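Residue-level structure breakdown
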Amino acid sequence: MLRFLFRRSLGAIVILLLISAFTFFLFFAAPRDPALLACGRNCGPDALAIIHKNLGLDEPVPVQYWNFMSGILTGRDFAQGPCPAPCFGYSFATGDAVWNTIVDRFPITLSLTIGGAAVFLLVGLATGMVAAWKQGTLIDKIFSSASLVLSSMQIYFVGPIVLALLVYNTNLLGQPKYVPITEDPAGWFMGLLIPWCVLSIIFTAQYTRMARSAMIEQLQEEHVRTARAKGMSARTVFFRYAWRGSLIPIVTIFGIDLGTLFGGAMITEVTFALPGLGTLSMQSVLNTDLPTVMGVMLFAAAFIILFNILVDACYAFIDPRVRLS
Amino acid sequence: MFQENSARGHFAMTSPSQAAVTETDTPGLVPDGLNSKKKRKTSALTGRSPGQLMWARFKRDRTGVISACVVLFFFAIGLFAPVISKIYGKDPYTRYGQNTPGLLINQYPAQPNGGISSDFWFGIEPGLGRDVFMQLLYGIRNTLGLAVAITIVSVLTAIVLGVAAGYFGGRIDYFVGRFIDLLMAFPNQLFYVAFVPVVAAILVAPEDEMPPWLRAVIIILVMWFLGWMSLARLLRGQVLSLREREFVEAAKVSGASPWRIIRRELVPNVMTPILVQTTYMLPNFVTSIAGLSFLGVGLVEPTPDWGRMFANAADYYRNDITYLFFPGVAMVLFIVAFNLLGDSVRDAFDPKRAR
């Protein structure tokens, strides 16, 4: 297990290095001057040169890359002041330390993701298993067709409709907003209720479909037939034997979804104007704000890789035949 | 799909159960064993190819046929948009609402339900006052065109890299595999959003106007970059087992070149997974393109675009939800039909598998 984790972490670091290099060099391959934005409208060549120096843009690109990457480990000294260890530099657009911005914004994405994931995992698995249990009956048909239609919905279509129905026309709920849970747990819950529901509509439907087909596939397996032949009750067979086998595809997809969402649920955040990581990365792209784009890109990629490793480690617990090597 | 879970399609393919399924997934490509016994019997009677068998099964599947008709309908209206525009008598660019006084009041259509009338079937766009029906029609045309282009280049890339990795193995397999690992770690929403403007800036000087076709090419390039990996992995796995089979061995012994073996022996045998995966890939690309436009980095005005209608609607839906309604319903209809079609195609190739 430890050897597995060690090897995968090494691989993860290599991948993160490559992603950072790709992002950095492609960004500078574009003939745009990020300093122009920081410089403002009446920008003389002298002021521009000073900003270039302050941002470190006067150095050759490979040197800049080296400074950026070593800064993540050791910290750097900027004209704005020292930047301690996980240093992703200062934003070209706002002048704030990128790492602090990410740390500020992440709780919003985290709240959105964890709440949404709890809903779609529980509801999706439950409905999927009921549909598989009652396969071929009316319940199954209703669940299956509903999940087919719902999984084809788009957040940017459902979101505005839900907002129009519940917020603007009836005032049943307030405008979605983020309040830290430490300040006001009830406000946190109410503010994120609509985003959670809309985010999880599509996911729930997909998990229903997935759980149903995974369960049905398992129910046709030999070991399930053996368990039935031994005279075990239908419930034991369903929940002890088939359920365990159907976990692997579900855990795989869940890990991937969670890893992706932690890096910023862009469309949901933009639809509901929640200032999480997704909105942050949108803004930084529009502002040609390289340090922030790099920061969020690496942060998001790290989550994807982390959850990928976790999923692989989980296989060993779910399926004893899997050996980690 | 450019929903929040867009990355997952790539990984899903690699889940153990999925991999197990795909190995037994394709009766058409198994030339010996149980399947061919069945096939030999039928071929003695009627001489039907696996493709014909698949087509016969597909025709019997009512859901499949209906959804295929819906999908074809979308492609047809996209293809014939200029003809429909001529018959309908309007185009997607003219700002009718601004040119004709009385159609728009304070930006919003004067008549109820977004200004739906016999002149404007789907109403009038709030603000600019263009015809929604024409906007949607041309939007579908452009989006589907992009999606088809991305699908074609992605499938071709996946065939080349996946089959090469599976057949040659060794170093090629290793590098293709690591390259796929790398691309899969990219947060793909952020990648699309970050690199469409970057590639645009590389190709066009900031003071120049960018032609619409170049914008389309950039979107195709960026989405293609992260679009091919899942199919490539799948094909690699398939070819890995195919290359050990006797008919490949026989071709090798008879002196066929690797290129000929790949072209004549391997690729025809993986056409089934390619076709099935393509029917899943295309709707995902459609929603991805629409999502890109929703976030403001897709096609730009005045080129009509399906996804940008959602972005426009976000500004107006509080007072005019009709404008959001038509593109939204059209997209749900299209995606549902395409997903059903995908299921039916899979079932037609593999009748044993339960839905």
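In this text, all values refer to a predicted model and were calculated from it rather than measured experimentally.

Some thoughts on empty space enclosed by the protein
Within the structure shown, the criterion is met by 5 cavities of 30 Å³ or more. Here the largest cavity is characterised by a volume of approximately 90 Å³. What lines the largest cavity is a set of 13 residues, among which T260, G263 and G264 of chain A together with P187 and Q189 of chain B lie closest to the centre. Where the lining of the largest cavity is concerned, the elements lending two or more residues are α10 (234-262), α12 (277-286) and α13 (290-318) of chain A together with α11 (188-203) of chain B. The dominant element in the lining of the largest cavity, judged by the number of residues it contributes, is α11 of chain B, at 3 residues. For the lining of the largest cavity, the residue count by class is 5 nonpolar, 8 polar and no charged.

Observations regarding the nonpolar core
Grouped together as the largest cluster of nonpolar side chains are 178 residues, with contacts concentrated most on I19 of chain A together with L266, W306 and F334 of chain B. In terms of residues, this core owes the most to one element, helix α9 (residues 132-168) of chain B, which gives 17 residues. Taken domain by domain, the makeup of this core includes at least three residues from each of domain 1 (34-87) and domain 2 (98-322) of chain A. Beyond its immediate sequence surroundings of up to four residues, W306 of chain B is in contact with F74, L136, G139, I140, T143, V286, P327, A330, M331 and F334 of chain B. If you look at the next biggest cluster of nonpolar residues, it comprises 10 residues, including I216, A227, V237 and F238 of chain A.

Things to note about the interface of chain A and chain B
Counting residues at the interface gives 62 residues for chain A and 54 residues for chain B. Ranking the residues of chain A by area buried against chain B places Y156, F157 and M297 of chain A at the top, with a combined share of 13%. Linking chain A with chain B are 1 salt bridge. R209 of chain A is paired through a salt bridge with D343 of chain B; the nearest N and O atoms lie 3.8 Å apart. For the pair chain A and chain B, the interface holds 1 residue pair in polar contact (both at pLDDT 80 or more). Where the side of chain A that touches chain B is concerned, the elements lending two or more residues are α1 (2-29), α6 (138-151), α7 (155-168), α8 (185-219), α10, α11 (266-271), α12 and α13 of chain A. Split by residue class, the side of chain A that touches chain B holds 44 nonpolar, 13 polar and 5 charged.

A short note on the domain arrangement of chain A
Residue and element names in this part refer to chain A. Domain annotation of chain A identifies domain 1 (34-87) and domain 2 (98-322). Measuring from the centre of the C-alpha atoms in domain 1 to the corresponding centre in domain 2 gives 39 Å. Of the roughly 500 Å² buried where domain 1 meets domain 2, counting both sides, 81% is carbon and sulfur surface. Where domain 1 packs against domain 2, one counts 0 residue pairs in polar contact (both at pLDDT 80 or more). Among the residues making up the side of domain 1 that touches domain 2, the classes are represented as 5 nonpolar, no polar and no charged.

Cut-offs and rules
Residues numbered from 1 in each chain as written. Chains lettered and ligands numbered in written order. Predicted model: local features only at pLDDT ≥ 70, side-chain atom pairs only at ≥ 80, totals over all residues. Heavy atoms only, no water. 1 Å grid on protein atoms, 1.4 Å probe; cavity = no way out; pocket = protein on both sides within 12 Å on 5 of 7 lines; lining within 4 Å. Points joined across faces, edges and corners; volume = space filled by probe spheres on them. Helix = DSSP H or I, 4+ residues; strand = E, 2+ residues; numbered from the N terminus. Nonpolar A, V, L, I, M, F, W, Y, C, P; charged D, E, K, R; others polar. Core = buried A, V, L, I, M, F, W, Y, C linked by side-chain atoms within 4.5 Å. Buried < 20%, exposed > 50% of the residue type's maximum accessible area, 1.4 Å probe, protein only. Domains from an automatic or database assignment. Contact = heavy atoms within 4.5 Å. Buried area = accessible area lost by both parts, 1.4 Å probe. Salt bridge = Lys/Arg side-chain N within 4 Å of Asp/Glu carboxyl O. Polar contact = N/O pair within 3.5 Å; in protein donor to acceptor, adjacent residues only side chain to side chain.

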